[in-house]
2 protein chains.
Amino acid sequence: MLSVTEAQELSAAEVREANRFLLRSVPLGETLGRTLAEVVVSDIDSPPHDKSIVDGYAVLAEGLSAGTELAILEEVTAGAVPTQQVTAGTAIRIMTGAPLPAGATGVVMVEKTELVGGENRVRIHETPRSGQNIVRRATSLRRGETVLHAGVRLNPARIGLLAEVGRGEVKIASLPTVAVLTTGNEIVPVDTIPGPGQIRNSNGPMLEALVQQLGAQPISLGVARDEPGELAALIRRGLQADFLVLSGGVSAGVLDLVPGVLAELGVRQVFHKVNLKPGKPIWFGVFPKEHNNRTLVFGLPGNPVSSFVCFEVFVRYALGCIRPELVPQSKLALLAVEHYHRGDRPTYWPAICEEDKTDALVTLLPWKGSGDLKTLADANCLAFFPGKERVFQAGEEVSVRLL
Amino acid sequence: MLSVTEAQELSAAEVREANRFLLRSVPLGETLGRTLAEVVVSDIDSPPHDKSIVDGYAVLAEGLSAGTELAILEEVTAGAVPTQQVTAGTAIRIMTGAPLPAGATGVVMVEKTELVGGENRVRIHETPRSGQNIVRRATSLRRGETVLHAGVRLNPARIGLLAEVGRGEVKIASLPTVAVLTTGNEIVPVDTIPGPGQIRNSNGPMLEALVQQLGAQPISLGVARDEPGELAALIRRGLQADFLVLSGGVSAGVLDLVPGVLAELGVRQVFHKVNLKPGKPIWFGVFPKEHNNRTLVFGLPGNPVSSFVCFEVFVRYALGCIRPELVPQSKLALLAVEHYHRGDRPTYWPAICEEDKTDALVTLLPWKGSGDLKTLADANCLAFFPGKERVFQAGEEVSVRLL
């Protein structure tokens, strides 16, 4: 049977062939947290003109001293443009952010002035310095300057900057679309009371949330019964997405129809069954499409913890080949209590990892197996035990994958 | 002038009065990352019946030994229910997850069996233990058991668990709705080439991204010109939200109409102007509504870095009174290079904080002032310098707020 690493490498090779769905142009409002996939250059100077940073009077600072009276030529507000030139003996009233009039070499704050003889003359109470209260054109951005490099993660300040340079749309490194389909005669919708032998569809919402958590938009295909026609119809819809994630129907039971239906629809199997616990029956294949495009198909086992672990170990790994920041964090932690690891399958075990200043300590939860979603919901990590049955001692270092 | 802390406390008092908009019932698909606001109890046992965890044969294990042949009574798949009872000398074929038939005390894996004489008889190749390959009813969940407590953050496993216990909708601690309005005659839309004296609306997209980042849905009101009628109409729409965040128009200039229009519409001013840099002109008030409800109104200064800092320091603080996890992380870091802090206003300065194993080092960026969004976009933190002009030495500890 394949090891986890061998299986991951097989999937990575297929994903790299498919990575043409990387770049998408999206409106600025949808870019938070996404990775920019182009170099963005400013089309403006910022500020676009010399501007005042206070409300006050634009003056010719040279030769002007406190106590002087000046004639007010006009008033310039932000968004307006001065029509006159400041000369010795005159001033133009100016608002914060407004363009500096020609001739002006400084701005006196309104608090250091007083109107005299109506609205037409102002007395200044300080001796201005040349350049005071002025920000020069292009101080923060110069036209043609690179403002953001490809590969940066977009945060609110960067989104504001993109808006400032006129980019209402940008190319981002987009995640594939991911269709999610739950299969099984025993599965009923969440809002149903299960009858005898039935369970609710917990995998659908869980897998869709896992897709969302990675920043991609899940496409929910609902539940398919174990019936070849119904399965084929829903799988065909799912194959329109970049990824199709199924749960259930991949073991060797009489109703495990998924691999057969996938094969009939032209999905080429890459692997089936991997040496891990939970999740051994995992299935992976590739569906070739037009224009050298392809859909990557993951058949996850139906038990919820198996589905979860296989998503984390395989689907997320494949997506991580496209967006490396999706590769989950692993760390070493000390086992709080001795653990007897049964069987020879490498195992992911729901656990709680706690850290103090120097160490991380991992406590295994009393996990009841691959159907026990409650314990997984209580966990903050999966502790990993490599193959071969043996006792892991308290204090021994194990690898944990943070959730 | 108010200090930052005094202003934050004034806003916190108003937010606490308003915290009736906390709880909302939302569909499961919208709960990722949200905080659960109710205690959730299981309405089912999980598994709902004793079940087989392998494909194989349900048998009466006691007294049975390897080599025995058994008559096959029927086949039970997942989702079906057994109709017969297993007795000595008989077996029922059973699939993974299917309910255990009455009388059965163990399951022999299909791999350890072989069909003999057609489809009706099976020979078993192992001596089964009582209870083997069976998971008992209610092993992972018992009906009436609390599965999730109020206050937990919803992740994919917990969302799966909520689906398992039939909760297609849950109450979450929801953030308020936040309307965002940019004001100013000089502001043009992002997809426009600015004319003389004009700048693009960078604050709108930036503030909306800040709202999104906190997990709330922004309501975009676009741009209002400095004209009382237009301002009043858009502000009236914004007052329907729980929070209204405006940018621009809050200084003392002739076109700073926002405080006046807010007062006319019945918004009670709580404070105006706070001793910080950038962001001094910040305005905060409360609009009383029916049913003892209220809208919290923040008027942020129009320069983009001032708007950003005031959002982080005041709007986010107010939202943090409702959802404590929104309070941003602050830490101490060592100043990489000496810094001369001018003036007596406490200042937030865009900077880069880098960590090694023992220390965090903060390097101030060459920030050009409150219009310089480019430098803020390059920063990963804001370094804080308390009031009073003085030299901060290289190696001196300063507080940084991570972005």
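Residues numbered from 1 in each chain as written. Chains lettered and ligands numbered in written order. Predicted model: local features only at pLDDT ≥ 70, side-chain atom pairs only at ≥ 80, totals over all residues. Heavy atoms only, no water.

(A) Up close: the overall build of chain A. Of regular secondary structure, chain A possesses 7 helices and 28 strands. For chain A, whose C-alpha radius of gyration is 32 Å, the value lies well above the compact-globule estimate of 22 Å for 403 residues. C-alpha extents for chain A along the principal axes are approximately 100 × 55 × 40 Å. In chain A, which comprises 403 residues, the proportion classed as buried is 53%. Relative to all contacts within chain A whose residues are 6 or more apart in sequence, the contacts with residues 24 or more apart total 69%. With an accessible surface of roughly 16,700 Å², chain A has 49% of that area assigned to carbon and sulfur atoms. Taking the average location of the 39 positive side-chain charges in chain A and that of its 44 negative ones, the two points are 3 Å from each other. (Helix = DSSP H or I, 4+ residues; strand = E, 2+ residues; numbered from the N terminus. Rg over C-alpha atoms; globule rule 2.2 N^0.38 Å. Buried < 20%, exposed > 50% of the residue type's maximum accessible area, 1.4 Å probe, protein only. Contact = heavy atoms within 4.5 Å. Areas by Shrake-Rupley, 256 points an atom, 1.4 Å probe, with all protein chains shown as cover. Lys, Arg positive; Asp, Glu negative; His and termini not counted. Charge placed at Lys NZ, Arg CZ, Asp CG, Glu CD.)

(B) Up close: the domain arrangement of chain A. Each assigned domain of chain A is listed here: domain 1 (4-22 + 175-326), domain 2 (25-46 + 139-173), domain 3 (51-135) and domain 4 (330-402). Distance from the C-alpha centre of domain 1 of chain A to the C-alpha centre of domain 3 of chain A: 69 Å. (Domains from an automatic or database assignment.)

(C) Molecular detail of unusual backbone geometry. Between Ser 46 of chain B and the following residue, Pro 47 of chain B, the backbone shows a cis peptide bond with an omega angle of -10°. Each neighbour pair has its own omega, and for Lys 277 of chain B with Pro 278 of chain B the value is -5°, a cis peptide bond. One non-glycine residue, Asn 133 of chain A, lies in positive phi territory at about 60°. Relative to the assigned elements, Asn 133 of chain A resides in the loop between strand S10 (121-124) and strand S11 (134-135). Judged by relative accessible area, Asn 133 of chain A falls into the partly exposed class, the value being 21%. In this structure, Lys 273 of chain B is a non-glycine residue whose phi angle is positive, near 85°. For Lys 273 of chain B, the location among the structural elements is in the loop between strand S19 (268-272) and strand S20 (283-288).

(D) Seen up close, the pattern of salt bridges. All chains considered together, the criterion is met by 34 salt bridges over all chains. The partner of Asp 242 of chain B in a salt bridge is Arg 24 of chain B, with the nearest N and O atoms 3.3 Å apart. Within this pair, whereas Asp 242 of chain B is found in the loop between helix H4 (228-238) and strand S18 (243-247), its partner Arg 24 of chain B is found in strand S1 (residues 23-27), the two being separated by 218 residues in sequence. Under the relative-accessibility criterion, Arg 24 of chain B is labelled partly exposed at 29%. For Arg 390 of chain B, the salt bridge goes to Glu 396 of chain B, with nearest N and O atoms at 2.8 Å. A single network of salt bridges, built from pairs that share partners, joins Glu 69, Glu 114, Arg 121 and Arg 123 of chain A. (Salt bridge = Lys/Arg side-chain N within 4 Å of Asp/Glu carboxyl O.)

(E) Just the sheet that holds strand S13 (residues 169-173) of chain B, in detail. Residues and elements named next belong to chain B. Here 3 strands make up an open sheet; going across it, the order is S1-S13-S2 and the pairing antiparallel. Since the sheet does not close on itself, it has two edges, and those belong to S1 and strand S2 (35-36), each with one partner. One ladder, built from 2 bridges, connects S2 with S13; its direction is antiparallel. By the bridge assignment, Leu 36 is partnered in S13 with Ile 172. (Pairing = 2+ DSSP bridges.)

(F) Focus on the nonpolar core. Among the nonpolar cores identified, the biggest contains 75 residues, and Leu 148 and Leu 154 of chain A together with Phe 298, Leu 300, Phe 314 and Val 362 of chain B are the most heavily contacted of them. At 10 residues, helix H6 (residues 304-320) of chain B tops the list of elements feeding residues into this core. Listed in part, the 74 residues of the second largest apolar core include Phe 284, Ile 322, Leu 326 and Phe 385 of chain A. (Core = buried A, V, L, I, M, F, W, Y, C linked by side-chain atoms within 4.5 Å.)

(G) Helix H2 (residues 156-164) of chain B, seen in detail. Residues and elements named next belong to chain B. Burial analysis of H2 places 9 of its 9 residues in the buried class, the great majority of the element. Among the residues of H2, Pro 156, Ala 157, Arg 158, Ile 159, Gly 160, Leu 161, Leu 162, Ala 163 and Glu 164 are the ones counted as buried. Immediately beyond the C-terminal end of H2, within one or two residues, lies Gly 166, with a positive phi of roughly 85°.

(H) Up close: the interface of chain B and chain A. Taken together, the contact pairs 69 residues of chain B with 70 residues of chain A. Both sides together, the interface formed by chain B and chain A hides about 5,000 Å², and carbon and sulfur atoms give 64% of it. Of all residues in chain B, Pro 156, Arg 200 and Lys 374 of chain B give up the largest surface area on contact with chain A, accounting jointly for 12% of the area buried on that side. Counting across the interface, chain B meets chain A through 2 salt bridges. Here Asp 43 of chain A makes a salt bridge to Arg 200 of chain B, at a shortest N to O gap of 2.7 Å. (Buried area = accessible area lost by both parts, 1.4 Å probe.)

(I) Up close: the relation of the copies chain B and chain A. Laying chain B over chain A is done by rotating through 180° and shifting 0.0 Å along the axis; what remains is an RMSD of 0.1 Å. Classification of the inter-copy transformation places it as that of a two-fold axis. When the interface residues of chain B are mapped onto chain A, 100% of them are again interface residues, pointing to one common binding face. (Least-squares fit on C-alpha atoms with pLDDT ≥ 70 in both.)

(J) Focus on the packing of helix H1 (residues 4-17) of chain B against H6 of chain B. Residue and element names in this part refer to chain B. Following both chains from N to C, one finds H1 and H6 inclined at 35°, their axes separated by 9 Å at the closest point. Judged by the sense of rotation from one axis to the other, the crossing of H1 with H6 is right-handed. For the pair H1 and H6, contact is made by Val 4, Ala 7, Gln 8, Ser 11, Ala 12 and Val 15 and by Val 313, Phe 314, Tyr 317 and Ala 318, respectively. Class assignment of the residues belonging to the contact of H1 with H6 gives a composition of 8 nonpolar, 2 polar and no charged. (Axes fitted to C-alpha atoms, helices over the stretch in contact; angles between N-to-C directions. Left-handed = near helix turned anticlockwise from the far one by under 90°. Nonpolar A, V, L, I, M, F, W, Y, C, P; charged D, E, K, R; others polar.)

(K) Structural view of the packing of aromatic side chains. Residue and element names in this part refer to chain A. Applying the stated criterion across every chain, the model contains 14 aromatic pairs over all chains. Taken together, a centroid distance of 4.9 Å and an interplanar angle of 70° make the contact between Phe 385 and Phe 392 edge-to-face. Looking at Phe 385, the relative accessible area reads 0%, which means it is buried. Judged by its relative accessible area of 3%, Phe 392 is buried. (Phe/Tyr/Trp six-rings, centres within 6.5 Å; stacked < 30°, edge-to-face > 60°.)

(L) Expanded view of the sheet that holds S19 of chain B. Residues and elements named next belong to chain B. The 6 strands lie next to each other as S17-S14-S18-S21-S20-S19, forming an open sheet whose pairing is mixed. Edge positions in the sheet fall to strand S17 (218-224) and S19, since each of these pairs with one other strand and no more. Recorded for the sheet is a direction-independent mean angle of 15° between the axes of neighbouring strands. Sheet analysis places strand S14 (residues 178-183) next to S17, joined by 5 bridges and oriented parallel. Across the sheet, Val 180 pairs through a bridge with Ser 220, a residue of S17. Across the sheet, H1 is in contact with S19, S20 and strand S21 (294-300); its angle to S19 comes to roughly 155°. With respect to the sheet, H4 is in contact with S14, S17, S18 and S21, its orientation differing from that of S17 by roughly 175°.

(M) Expanded view of the pairing of strand S10 (residues 121-124) of chain B. Residues and elements named next belong to chain B. By the alternation rule, side chains of S10 split into Val 122 and Ile 124, which are all buried, and Arg 121 and Arg 123, of which none is buried. Relative to S10, strand S6 (residues 69-76) runs antiparallel, the two sharing 3 bridges. If you follow Ala 71 over to S10, its bridge partner there is Arg 121. Sheet analysis places strand S9 (residues 113-116) next to S10, joined by 4 bridges and oriented antiparallel. Within the sheet, the bridge partner assigned to Leu 115 lies in S10 and is Val 122.

(N) Local environment of the confidence of the model for chain A. Looking at chain A as a whole, its pLDDT mean stands at 93, while 99% of the residues score no less than 70. Complex prediction metrics read pTM 0.76 and ipTM 0.78. (pLDDT = per-residue confidence, 0-100.)

(O) Geometry of the environment of Tyr 340 of chain A. Residue and element names in this part refer to chain A. Structurally, Tyr 340 can be placed in strand S23 (residues 339-341). Residues Tyr 340 and Phe 392 lie 52 residues apart in sequence; the distance between their C-alpha atoms is 6.1 Å. What Tyr 340 contacts, discounting residues up to four positions off in sequence, is Glu 389, Arg 390 and Val 391.

(P) The arrangement of the side chain of Asp 55 of chain A in detail. Within the fold, Asp 55 of chain A resides in the loop between strand S4 (51-52) and strand S5 (56-59). An unpaired buried charge is present at Asp 55 of chain A: no salt bridge exists, and Arg 93 of chain A, the closest side chain of opposite charge, is 6.8 Å distant. Only 2.8 Å separates the side chain of Asp 55 of chain A from the backbone nitrogen of Thr 96 of chain A, close enough to count as a polar contact. Apart from residues no more than four positions distant in its own chain, Asp 55 of chain A is found in contact with Ile 94, Met 95, Thr 96, Val 108, Met 109, Val 110 and Glu 111 of chain A together with Ser 251, Ala 252, Gly 253 and Asp 256 of chain B. (Polar contact = N/O pair within 3.5 Å; in protein donor to acceptor, adjacent residues only side chain to side chain.)

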